[in-house]
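Coordinate analysis (summary)
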Amino acid sequence: LLRYHARTGDKKALALVTGTLRAMAAGGICDQAGGGFHRYSTDAAWRVPHFEKMLYDNAQLAVNYLEAYQVTRDPELARVARETLDYVLRALTGPEGAFYSAEDADSLPPGAKGGERREGAFYLWSASEIEAALGPSATLFKDRYGVRESGTNILYAARTVEETAKRAGRPVEETRRALEAARLKLLEVRAKRPRPLRDDKVLASWNGLMISALAKGAQILDEPRYAAAAERAAAFIRSE
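Now for a look at the structure at hand. (Residues numbered from 1 in each chain as written. Predicted model: local features only at pLDDT ≥ 70, side-chain atom pairs only at ≥ 80, totals over all residues. Heavy atoms only, no water.)

**Description of the overall build of the protein**
From N to C terminus, the protein includes 10 helices and nine strands. Computed over C-alpha atoms, the radius of gyration of the protein comes to 18 Å, within 12% of the 18 Å expected from 2.2 N^0.38 for 240 residues, which places it in the range of a compact globule. In terms of principal-axis extent, the alpha carbons of the protein reach across some 50 × 50 × 30 Å. For the protein, buried positions account for 49% of its 240 residues. The contacts of the protein with a sequence gap of at least 6 include a subset with a gap of at least 24, amounting to 59%. As presented, the protein carries roughly 11900 Å² of accessible surface, and 52% of it is formed by carbon and sulfur atoms. (Helix = DSSP H or I, 4+ residues; strand = E, 2+ residues; numbered from the N terminus. Rg over C-alpha atoms; globule rule 2.2 N^0.38 Å. Buried < 20%, exposed > 50% of the residue type's maximum accessible area, 1.4 Å probe, protein only. Contact = heavy atoms within 4.5 Å. Areas by Shrake-Rupley, 256 points an atom, 1.4 Å probe, with all protein chains shown as cover.)

**Observations regarding the sheet that holds strand β4 (residues 102–103)**
The strand order across the open sheet built from three strands is β3-β4-β9, with neighbouring strands paired in antiparallel fashion. Of all the strands in the sheet, the pair left with one neighbour each is β3 (53–54) and β9 (198–199). (Pairing = 2+ DSSP bridges.)

**Here we look at the packing of aromatic side chains**
Following the criterion strictly, the structure yields five aromatic pairs and no others. Arranged with centres 4.5 Å apart and planes meeting at 40 degrees, the rings of Phe141 and Tyr145 form a pair that is tilted. Neither residue differs from the other here; Phe141 and Tyr145 are each classed as buried. Ring pairing ties together the aromatic residues Phe51, Phe122 and Tyr123, which thus form one cluster. Above the plane of the ring of Tyr87 lies Lys53, whose end atom (NZ or CZ) is 3.8 Å from the centre. (Phe/Tyr/Trp six-rings, centres within 6.5 Å; stacked < 30°, edge-to-face > 60°. Lys NZ or Arg CZ within 6 Å of the ring centre and 35° of its normal.)

**Digging into the environment of Val88**
Of note, Val88 is situated in helix α4 (residues 75–91). Residue classification places Val88 among the buried residues on the basis of a relative accessible area of 0%. Beyond its immediate stretch of four places on either side in the chain, Val88 contacts Leu55, Asn58, Thr93, Phe99 and Met210.

Structure, rendered in structure tokens:
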């Protein structure tokens, strides 16, 4: 549809694509703390995902967001693409540069030493966990990401940064910086939890999708480290 829009100028096609991409990026199907996308949503609002993460999904979605950014120049679309690529480099990349296939949906709950794995345990937050991790920044973060005071939460973008700033009576850029610092802090805390199992098989076809996505990311976002990662993976595929 993006290419159709490029050929025809059809604004309805562009609105359909970008509206869907923005809705997905705001939902729980997108990992709001760590970047990347879960395998699929179980509801119409993209709110509740099946928590497995697949290499091929994230490769192709990164390309979608990159191309949508090229058309719209919306920095939020570029941000989602960057965080998706960064997730793959952080969590699905082997020591020789090849890309692993997936991360499982299930993991042990935080603090558990054994027992039954639960779907989404790695990704869910209680309000008290967020407050303990973020201190004074917790109120701002909870407002932005729709955190309820009871039960566990799947983070989703309940409000835009601009809406969150207005409700807090703070400048937008100050709010953006505070939210990003809070996100990185939660990512640091989450990294100490028991991780989902990783499927570390290396498939040439799926690696090809990720190599292509990184090459596009290097060009469109002017990010040399994405080109370097693509080159390492391509060298591994060729040799192995």
